Amino acid sequence: MDAAFVLVHSPSVGPGTWRPVAEELRAGGATVVVPSLAGVGAADPPFWPRVVELVGAAVAGLPADRSVVLVAHSNAGLFVPVVATAAARPVVGCLFVDAALPARQGSTAVATAEDIAFLREKAVDGVLPPWTAWFDDAEVAPMFPDPATRASVEAEQPRLPLSYYEQRIPVPEGWDAQPCGYLLFGPPYERVANEAAARGWAVERIPGLHLHQIVDPAGVAARIAGMARTWSPPSPSAGVRA
């Protein structure tokens, strides 16, 4: 397809979580942009306008007539509505990869009350430790293919303020007028994938853990390209389709 892929990482990690997939897509002839959301947590809340700004700046480097497919992983899924609405290039599809889903309208809480309580216990002076430090190593280590990859990913992790997870992100009406899809890796995102299916989206699965895109970048890149292959530039009557 002619559309460029915009791979958006969670602000809890860094662009390196998408870099191997970007390389695979480029090797197949695709144009790929991987915006860096580093520094998002350094601003005052709300933080979502900075995400929109950083993704928009990366997309602005594409030719004016180049359409894009937004591909969001994990927590980045919550920003898709505001990013898609503000995009300076036509968005022909949105793909959520083991990602959180935004509300259909209104606004979306970044974290539940239960999650906030969990995070509050880990925060020091309102600042959280890096994401992988939230969990036992027995849960973290299997997500990485090797120690070098883990070190590289962890070196990019920010220490986000607790207030980042306390924000709400607006959901502009009509953000999902283009096709949307969901690529599931595994627990605990099955419920989210079921919600995507209930919205009429295409849902596919590659069994793996939450960072499977760095474990099997070729497989994930092929599935992303395959899911996006039939998407075409939107028309005034376009709507969500599977």
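This report concerns the structure included in the present document.

Here is what the cut-offs are and how they apply
- Residues numbered from 1 in each chain as written.
- Predicted model: local features only at pLDDT ≥ 70, side-chain atom pairs only at ≥ 80, totals over all residues.
- Heavy atoms only, no water.
- Buried < 20%, exposed > 50% of the residue type's maximum accessible area, 1.4 Å probe, protein only.
- Helix = DSSP H or I, 4+ residues; strand = E, 2+ residues; numbered from the N terminus.
- Arc of directions from axis to C-beta.
- Contact = heavy atoms within 4.5 Å.
- Disulfide = S-S within 2.5 Å.
- Core = buried A, V, L, I, M, F, W, Y, C linked by side-chain atoms within 4.5 Å.
- Pairing = 2+ DSSP bridges.
- Right-handed = clockwise from strand over helix to strand, strands pointing away.

**Side note on helix α8 (residues 190-198)**
Step number 1: Every buried residue belonging to α8 is among Val192, Ala193 and Ala196, and all of these are buried. Looking down the long axis of α8, one finds its buried residues gathered within 100° of arc, a one-sided arrangement. Relative to its buried face, α8 has exposed residues pointing more than 90 degrees away, namely Arg191, Asn194 and Ala198.
Step number 2: For α8, the secondary structure elements touched by its buried residues are β7 (180-184) and β8 (202-205).
Step number 3: Remark: Gly200 follows α8 within two positions and exhibits a positive phi of approximately 90°.

**Looking at the state of the cysteines**
Step number 1: Tallied over the full model, the rule gives zero disulfides.
Step number 2: Looking at Cys94, it has no disulfide partner, and the nearest cysteine sulfur is the one in Cys180, 4.6 Å off.

**Things to note about the nonpolar core**
Step number 1: Leu70, Phe96, Tyr165 and Tyr182 are the most contacted members of the largest nonpolar core, which has 58 residues in total.
Step number 2: Take this core: its biggest share by element is five residues, from helix α2 (residues 48-59).
Step number 3: Those residues in contact with Phe96, other than ones at most four positions away along the chain, are Ala72, Gly77, Val80, Leu101, Pro102, Trp175, Gly181, Tyr182, Leu183 and Trp201.
Step number 4: Of all hydrophobic cores here, the second largest spans 23 residues; its members include Leu183, Ile206, Val220 and Ala221.

**Some thoughts on the pairing of β8**
Consecutive side chains along a regular strand alternate between the two faces of the sheet.
Step number 1: Pairing of β7 with β8, which is carried by four bridges, proceeds in the parallel orientation. By the bridge assignment, Leu184 is partnered in β8 with Arg205.
Step number 2: For the crossover that starts at β7, traverses α8 and ends in the parallel β8, the hand is right-handed.

Such coordinate-based values are descriptive only and should not be taken to indicate function.
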